[in-house]
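Spelled out, the chains give:
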Amino acid sequence: MTEWIIQIVQQFGYLGIFLMLILARVLPPVPAETVIPLAGMAAATGEFNLLLVALAAGAGSAVGELVWYLPAHWMGRERFEAFLRRHGHWLTVKPEQVHRATGWFARRGGVAVLLCQPLPGLRTLISVPAGACGLPMGVFLLYAAAGASLWSLVLAGTGYLVRVGFPWIADWMVPGALVLFIVLLATYVLRLVRHRRDTRREERREEHRAEREGISRSGG
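Residues numbered from 1 in each chain as written. Predicted model: local features only at pLDDT ≥ 70, side-chain atom pairs only at ≥ 80, totals over all residues. Heavy atoms only, no water.

Moving on to helix H3 (residues 35–43). Residues Val35, Ile36, Ala39, Gly40, Ala42 and Ala43 constitute the buried set of H3. Along H3, the residues classed as buried sweep out an arc of 160° about the axis, all on the same side. (Buried < 20%, exposed > 50% of the residue type's maximum accessible area, 1.4 Å probe, protein only. Helix = DSSP H or I, 4+ residues; strand = E, 2+ residues; numbered from the N terminus. Arc of directions from axis to C-beta.)

Put into structure tokens, the structure is as follows:
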């Protein structure tokens, strides 16, 4: 699959990078992002400009994420909050936190969009609350493009350095990404376990409180 992506980038240049990043965000399994380090390697020979590679990739990534942002934006905050009340335990969000969390996201969610851009999967998922919580489209695109451009600059810069004589950098890319994924997964599992434990405790307290109230009423 990667070969035809490379051919499109070679044929269309920066436009090809832009289009491939749109495709990668619409269909996350498509490995279009692999072309960025290769474009960085080409920049070392003068075929591409490193900064323009990053900007084209960042713009394409932001536009592609609109596919997830827009339906959530049309769904609206109330329906999104109702969804989180039903399924929020998977996100380790308690019902009483939902309204507060969506309010925070409506005010400051652009920062979350920016910081999630280097994280596969999460950068796509973050588009959903951004849209549902009313983050303006212009703000969303600005932060998504900025975060994706910075991350693309790192990837392209890695390819550039590998080409000019630092091949050991590439050896650390995959292990580094794997370690980051494991840390994030472990953090999520820990939060999920704690969330469920706290929820069970609260449910037991409510049961004991109801029992005591029932006994006091029957005794009175």
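Taken together, the side chains of Arg200, Arg201, Arg204 and Arg205 present a region of like positive charge at the surface. The topology assignment puts Arg205 in helix H10 (residues 168–219). (Patch = residues over 30% accessible without salt bridge, like charges linked within 9 Å, V, L, I, M, F, W, Y side chains within 5 Å. Areas by Shrake-Rupley, 256 points an atom, 1.4 Å probe, with all protein chains shown as cover. Salt bridge = Lys/Arg side-chain N within 4 Å of Asp/Glu carboxyl O. Lys, Arg positive; Asp, Glu negative; His and termini not counted. Charge placed at Lys NZ, Arg CZ, Asp CG, Glu CD.)

Next up on the list: the confidence of the model for the protein chain. This prediction gives the protein chain a mean pLDDT of 76; 69% of its residues lie at or above 70. Highest mean pLDDT in the protein chain belongs to helix H4 (residues 50–75) (90); lowest belongs to H10 (66). (pLDDT = per-residue confidence, 0-100.)

This paragraph deals with the pattern of salt bridges. Summed over all chains, the structure comprises 1 salt bridge. The residue Glu65 makes a salt bridge to Arg25 at a minimum N-O spacing of 3.8 Å. Here the residue Glu65 occupies a position in helix H4, and Arg25 occupies one in helix H2 (residues 14–26), the gap between them amounting to 40 residues. In this structure Glu65 comes out as buried when scored by relative accessible area, which is 0%. Using a relative accessible area of 4% as the deciding quantity, one classes Arg25 as buried.

Counting 16 residues, the largest nonpolar core has Val9, Ile17, Ile36, Phe48 and Val53 as the members making the most contacts within it. Broken down by secondary-structure element, the contributors of at least two residues to this core are helix H1 (2–12), H2, H3, H4 and helix H9 (137–164). When residues of this core are assigned to their parent elements, the largest contribution, 5 residues, is made by H3. Not counting the four nearest positions on each side in its chain, Val53 is found in contact with Tyr14, Ile17, Ile36, Ala39, Phe48 and Ala156. (Core = buried A, V, L, I, M, F, W, Y, C linked by side-chain atoms within 4.5 Å. Contact = heavy atoms within 4.5 Å.)

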